[in-house]
Amino acid sequence: MRIMLTSTVKIKSETSSLLPVRTDKPILKSYLKTAMKKINSIELTPPVYIGDIIEEGFIEDDINLIATKTVEK
């Protein structure tokens with residue numbers, strides 16, 4: 001079974017401490033724990049724009065982690 005993963009990653013920003021992200025394709029449910037450990041280790045600095053790829057090849061080669069919000073400062 002595959003699921004779309006939505007979560008938040010840390011961001012060093014004046015306006016927000018968390019940035020919402022999602023996978024661009026569904027991942028196998030069995031990879032969920034591994035994916036969350038990887039997400040929890042990510043810390044970004046602005047600017048980040050909606051649709052930016054946060055990590056290419058996230059968990060599986062053809063799946064990317066993308067930003068779902070813009071944070072400029």
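Residues numbered from 1 in each chain as written. Predicted model: local features only at pLDDT ≥ 70, side-chain atom pairs only at ≥ 80, totals over all residues. Heavy atoms only, no water.

> Looking at this model, I keep getting lost on the pattern of salt bridges. Mind explaining?
Pairs can form between side chains of opposite charge once their charged atoms are near each other. One pass over the structure, following the stated rule, counts four salt bridges. A salt bridge links Lys-12 to Glu-43; the shortest N-O distance between them is 3.6 Å. Linking Lys-12 in the loop between strand S2 (6-11) and strand S3 (18-23) with Glu-43 in strand S5 (residues 43-44), this pair joins segments that are 31 residues apart in sequence. Assessed through its relative accessible area of 47%, Glu-43 is described here as partly exposed. We note a salt bridge from Glu-55 to Lys-38, for which the minimum N-O separation is 3.1 Å. Residue Glu-55 is found in strand S6 (residues 53-55), and its partner Lys-38 is found in helix H1 (residues 32-40); the two are separated by 17 residues along the sequence. Glu-55 gets classed as partly exposed once you look at its relative accessible area, which sits at 22%. (Salt bridge = Lys/Arg side-chain N within 4 Å of Asp/Glu carboxyl O. Helix = DSSP H or I, 4+ residues; strand = E, 2+ residues; numbered from the N terminus. Buried < 20%, exposed > 50% of the residue type's maximum accessible area, 1.4 Å probe, protein only.)

> Any chance you could explain the environment of Glu-14 here in plain terms?
Topologically, Glu-14 is positioned in the loop between S2 and S3. Through-space distance from the C-alpha of Glu-14 to that of Val-71 is 9.3 Å; in sequence the pair is 57 residues apart.

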